[in-house]
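# Residue-level structural notes
Below are the chains, spelled out letter by letter.
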Amino acid sequence: MKIRVLGPYGGDMPGCFMTAFLLNDRLLMDAGTIGQVLDLKDQLGIRDVLISHSHLDHCNALPFFAVNIFSNDAPPVNIWALQPTLDSIQNHILNNQVWPDFTKIKKLNGTPVFELRRMLEKEETRINGFQVIPVRVNHPVVTSGFVVTEGGKSLVYTADTGITEEIWEAANDAPNLRGIITEVSYPNKMQKLAETSGHLTPAELKKELAKIRRKLDIPIFIYHMKPEYDAEIRKEIKDLRVPNIELLKTGKTYEL
Ligand SMILES: [Zn+2]
Ligand SMILES: [Zn+2]
């Protein structure tokens with residue numbers, strides 16, 4: 001499985017793009033960044049988008065993506081998420097006030113730009129050669145991580161979360177787990193804020209990783225650093241001395 005990091009951050013600054021991972025050039029996992037990084041040809045390759053939750057750093061690129069792909073003669077791009085997340089996108093973004101409703105506006109070929117597709121918690125959905133299972137995590141709005149399997153290899157993405165259980169159980173159960181993408185948003189000194197906002201610090205991450213019972217000889221990819229604390233988080237993660245841990249970089253492609 002190929003993971004192209006369009007954005008690994010939980011906020012934006014020059015050179016820091018918001019959360020989005022492109023899997024095998026066709027399945028986008030979260031949509032905080034699209035058009036700032038992908039040229040039009042690569043944008044047209046995206047057929048499906050998984051959205052973990054409704055926070056803007058995970059879906060703010062969707063409205064402009066809709067405009068970019070408007071002229072193409074292809075079926076709608078499927079936007080996959082749990083129902084409360086789809087409701088938020090429909091009611092608060094594509095609501096004909098903040099942005100036109102691209103689930104209704106028809107392209108020249110007569111199909112809408114987006115189709116909202118509901119996923120069910122802990123149920124597998126087959127999406128264009130991938131098997132995807134959403135698993136709820138601990139965040140102030142309804143949020144799911146994903147277990148994504150393709151070609152017999154699995155990736156666990158926790159999405160934004162504080163201290164949580166089920167997704168780590170899913171990581172324990174995933175067949176042929178090849179990598180984990182999980183979050184660190186704040187440095188250790190901001191533990192209180194991390195707790196109330198449903199995020200992790202490096203110290204809490206270490207405790208969360210202890211919930212994985214299998215051998216951690218796979219890459220642990222870190223995303224969602226708040227750009228303001230990037231250097232501090234980097235140092236604290238290095239000090240954890242966890243093997244195979246890596247902070248994701250914008251534009252870099254990883255192969256599992
Ligand atoms: Zn976020
Ligand atoms: Zn969030």
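Our subject is the structure listed above.
This one's a predicted model, so the numbers in the text were calculated from it and none came from an experiment.

Conventions and cut-offs
- Residues numbered from 1 in each chain as written.
- Chains lettered and ligands numbered in written order.
- Predicted model: local features only at pLDDT ≥ 70, side-chain atom pairs only at ≥ 80, totals over all residues.
- Heavy atoms only, no water.
- Helix = DSSP H or I, 4+ residues; strand = E, 2+ residues; numbered from the N terminus.
- Buried < 20%, exposed > 50% of the residue type's maximum accessible area, 1.4 Å probe, protein only.
- Contact = heavy atoms within 4.5 Å.
- Donors = N, O, S within 2.8 Å, 3.2 Å for Na, K, Ca; no water.
- Tetrahedral: all angles 85-135°; square planar, octahedral: opposite > 155°, others 65-115°.
- Axes fitted to C-alpha atoms, helices over the stretch in contact; angles between N-to-C directions.
- Left-handed = near helix turned anticlockwise from the far one by under 90°.
- Nonpolar A, V, L, I, M, F, W, Y, C, P; charged D, E, K, R; others polar.
- Pairing = 2+ DSSP bridges.
- Arc of directions from axis to C-beta.
- 1 Å grid on protein atoms, 1.4 Å probe; cavity = no way out; pocket = protein on both sides within 12 Å on 5 of 7 lines; lining within 4 Å.
- Points joined across faces, edges and corners; volume = space filled by probe spheres on them.

Our focus in this paragraph is the overall build of the chain. Per the secondary structure count, the chain includes 8 helices and 14 strands. C-alpha atoms of the chain, sized along the principal axes, occupy 55 × 35 × 30 Å. Looking at the chain residue by residue over its 256 residues, the buried ones come to 55%. Across the chain, contacts joining residues at least 24 apart in sequence account for 60% of those joining residues at least 6 apart.

Coordination of the zinc ion (ligand 1) by the protein comes from D57 (OD), H58 (NE2), D160 (OD) and H224 (NE2), over a distance range of 2.0 to 2.1 Å. Its 4 donor atoms give the zinc ion (ligand 1) angles of 87 to 167° at the centre, a pattern that matches the irregular case. One chain supplies every donor for the zinc ion (ligand 1), spaced along it as D-H-x101-D-x63-H. In this structure, the zinc ion (ligand 1) is positioned 3.4 Å from the zinc ion (ligand 2), and both are ligated by D160. Of the two residues, D57 is situated in helix α2 (residues 56-59) and D160 in the loop between β10 (153-157) and α5 (166-173); the sequence distance between them amounts to 103 residues. A residue is classified by how much of its surface remains accessible, and D160, at 1% relative accessible area, is buried.

A few words on the packing of helix α7 (residues 202-209) against helix α8 (residues 230-240). Their axes nearest at 9 Å, the elements α7 and α8 cross at an angle of 40°. The chirality of how α7 crosses α8 is right-handed. From α7, P202, L205 and K206 reach across to α8, where they touch I233, E236, I237 and L240. The residue makeup of the contact of α7 with α8, split by class, is 5 nonpolar, no polar and 2 charged.

This part is about the sheet that holds strand β12 (residues 220-223). Judged by pairing direction, the sheet is mixed, and its 7 strands sit side by side in the order β7-β8-β9-β10-β11-β12-β13 without closing on themselves. The outermost strands of the open sheet, each flanked by one partner alone, are β7 (125-127) and β13 (245-247). Geometrically, the sheet is characterised by an average inter-axis angle of 25° between neighbouring strands, direction not taken into account. Summarising the sheet, strand β9 (residues 144-150) and β10 pair through 5 bridges and their orientation is antiparallel. Counted as the bridge partner of E150 is K153 from β10. The strands touched by α5 within the sheet are β8 (130-136), β9, β10 and β11 (177-183), with β8 carrying the most contacts at an inclination of about 145°.

Moving on to the coordination of the zinc ion (ligand 2). Taken together, the protein donors to the zinc ion (ligand 2) comprise H53 (NE2), H55 (ND1), H139 (NE2) and D160 (OD), at separations of 2.1 to 2.5 Å. Sequence spacing among the residues donating to the zinc ion (ligand 2) works out to H-x1-H-x83-H-x20-D. For H55, a relative accessible area of 27% puts it in the partly exposed group.

Mapped onto the elements, H199 comes out in the loop between α6 (191-197) and α7. Classification of H199 by relative accessible area gives buried; the value is 9%. Ignoring sequence-local partners within four residues, the contact set of H199 consists of H139, D160, T161, G162, E183, S185, Y186, A194 and H224.

A few words now on α8. Of the positions making up α8, those classed as buried are D230, I233, E236, I237 and L240. Within α8, the buried residues cover an arc of 135° as seen down the axis, which keeps them to one side. The exposed residues of α8 that point more than 90 degrees off its buried face are A231, K235 and K238. Residues of α8 that are buried make contact with α7, β12 and β13.

This paragraph deals with the pairing of β9. Put simply, side chains in a regular strand alternate between the two faces of the sheet. When you tally the buried positions in β9, you get 7 out of 7 residues, the bulk of the element. A two-sided burial pattern is seen for β9, the buried positions comprising S144, F146, V148 and E150 on one face and G145, V147 and T149 on the other. As paired strands, β8 and β9 are joined by 6 bridges and run antiparallel to one another. Across the sheet, I133 pairs through a bridge with V147, a residue of β9.

What follows covers the layout of surface pockets. Of the voids in this model, the largest pocket is the one considered here, and its volume is about 250 Å³. The element that contributes the greatest number of residues to the lining of the largest pocket is α5, accounting for 4 residues. For the lining of the largest pocket, a count of residues per class yields 6 nonpolar, 2 polar and 5 charged.

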